[in-house]
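# An overview of the molecular structure
For reference, the chains in residue letters:
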Amino acid sequence: MHELPVTQSILEISLRHAQQAGAKRITDLYLLIGQLSYVVDDSVQFYWDMIAKGTIAEGATLHFQRVPVEFLCLDCDRRYPVDGENLACPRCGSTRVKVASGDEFRLESIDVETGDAADLNLVEK
Amino acid sequence: MPSNIPIVENIMNANDRLAQENRGRIDAAGVFSINLMASPGAGKTSIIEQTLARLVDKLRIAVVDGDIATSLDADRAAAAGARASIQINTGGECHLDAVMLRGALEQLDLTKFDLLIVENVGNLVCPAEFRLGTHKSVLIASVPEGDDKPYKYPGMYRGVEALIINKIDLLPYVNFKMDYFRRGVEALNAGVHTFPVSCRTGEGLAQWIDWLMGNVGHPG
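In this text the structure is predicted, and so the values were computed from the model without any measurement.

### Some details on unusual backbone geometry
Residues and elements named next belong to chain B. The backbone of Thr70 shows a phi angle near 75°, a positive value even though the residue is not glycine. With respect to the helices and strands, Thr70 occurs in the loop between strand E3 (61-67) and helix H3 (72-79). Residue classification places Thr70 among the exposed residues on the basis of 11 C-beta atoms within 10 Å. Even without a glycine there, the phi angle at Lys167 is positive, about 65°. Relative to the elements of secondary structure, Lys167 occurs in the loop between strand E7 (162-166) and helix H7 (178-188).

Encoded structure:
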């Protein structure tokens, strides 16, 4: 239900970086989203298609890379995937754990067209 | 010519920056602030009423209420003795965010208060993602909701500094395995301050009030 403000934030960040790079058009966005973040990919794309209209990001494709949840046991250093009810360390049973991955919520990069070959030196891969 | 621009920016940055501004404003006034979150019906407003009943003689308390519609909760807080009670109607949004809280803070002279209670929209998902700038996040679980909630809503359970377990007077009547519930909480948020209470009987509320009082005057 909170995909609209999330999508607005993604648009704001991507437009800012595209502008700094002198890009003419944003074609693709690469998002890294941990499974602990409650965001529905299809809803973000749905809002994106509405709010990106009329900007240089209109029609851009959103790519979601999902990161599974893993905990790290602070007692025995075991790193393990977490699924459903089994939150405790499978090796030693400890509940002294921390989240090792799965809470990412980042815009990693964007693909842009600069339209001007002279601009490319700074940003080309 | 296509090219790739690396960004690596947290999507919630804009909200988090505003939350920091809110915190600065709250800190400057020396107020201790909490963000109360829970599912609908867990007892957020009842906890606020019970808290006010025990503290209005000692502290100057402001309540900010987030709801999708109506001012029923703000009215209850005012009736229970809050010196100021501000309603934010989110107009359909399922959570409060830092912008909404900023709007409410602008209506308050914070220097006139000791404690600010923000009652978030009833929801176990979305409020966890939006920092407001308050000092402590407090989650209210309630016995009839079931003992599996930490497992189903890990994002909410791992992000709070205190956990109230409300409606413990109902434990004899529902199948709520406290051990199972607490094991989930422990794995997600080891050592979180936990307060089993009943707003109906008053049991356990003294410990919750002690924790609050221990924080007022030493925020952060």
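Anyway, onward from the coordinates.
### A short note on the sheet that holds strand E2 (residues 32-38) of chain B
Residues and elements named next belong to chain B. Judged by pairing direction, the sheet is parallel, and its seven strands sit side by side in the order E4-E3-E5-E2-E6-E7-E8 without closing on themselves. Single-partner strands in this sheet number two, and they are strand E4 (84-89) and strand E8 (193-196). Each neighbouring strand pair of the sheet contributes to a mean axis angle of 20°, computed without reference to strand direction. Bridge count for E2 against strand E6 (residues 136-142) is five bridges, and the pairing is parallel. Across the sheet, the residue bridging to Asn35 is Ser137, located in E6. Along the sheet face, helix H8 (residues 205-215) touches E2, E6, E7 and E8 and points at about 145° away from the line of E8.

### Quick look at the interface of chain B and chain A
Opposite the 28 residues of chain B that make contact, chain A presents 36 residues. For the side of chain B that touches chain A, the secondary-structure elements that each account for two or more residues are strand E1 (2-10), helix H6 (154-158) and H7 of chain B. With nine residues, E1(B) is the largest single contributor of residues to the side of chain B that touches chain A. Looking at the side of chain B that touches chain A, its residues break down into 17 nonpolar, six polar and five charged. Alignment of strand E6 (residues 105-113) of chain A against E1(B), held across seven bridges, turns out to be antiparallel. Residue pairing across strands places Leu107(A) opposite Glu9(B), the latter belonging to E1(B).

### Some thoughts on the packing of helix H1 (residues 13-28) of chain B against helix H4 (residues 98-105) of chain B
Residue and element names in this part refer to chain B. Two numbers describe how H1 lies on H4: the axes approach to 8 Å, and their chain directions differ by 25°. Classified by the angle their axes make, H1 and H4 are roughly parallel. The crossing of H1 and H4 is left-handed. Of H4, the residues touching H1 (which contributes Asn15, Leu18, Ala19, Asn22 and Arg25) are Ala98, Val99, Leu101, Arg102 and Leu105. Residues belonging to the contact of H1 with H4 are distributed by class as follows: six nonpolar, two polar and two charged.

Conventions we followed
- Each chain carries its own residue numbering, running from 1 in the direction its sequence is written.
- To label them, take the chains in the order written and letter them from A, then take the ligands in the order written and number them from 1.
- Given that this is a predicted model, residues contribute local features only at a pLDDT of at least 70 and side-chain atom pairs are listed and counted only at 80 or more, while totals for whole chains, interfaces and linings are drawn from all residues.
- Strands are runs of DSSP state E lasting at least 2 residues, helices are runs of H or I lasting at least 4, and numbering of each runs from the N terminus.
- Counts of 20 or more other C-beta atoms within 10 Å of a residue's own C-beta define buried residues, counts of 12 or fewer define exposed ones, and intermediate counts define partly exposed ones; C-beta atoms are placed from the backbone.
- When DSSP finds at least two bridges between two strands, those strands are taken to pair.
- Axes here refer to lines fitted to C-alpha atoms; in helices the fit is confined to the stretch in contact. Angles between the N-to-C directions go from 0 to 180 degrees.
- A pair of residues counts as a contact when their C-beta atoms, built from backbone coordinates, are within 7 Å of each other.
- Note on residue classes: Ala, Val, Leu, Ile, Met, Phe, Trp, Tyr, Cys and Pro are nonpolar, Asp, Glu, Lys and Arg are charged, and everything else, Gly too, is polar.
- The labels follow the angle: roughly parallel below 35 degrees, roughly antiparallel above 145, roughly perpendicular from 65 to 115, and oblique for the rest.
- A crossing counts as left-handed when the near helix is turned anticlockwise from the far one by less than a right angle, and as right-handed when that turn is clockwise.

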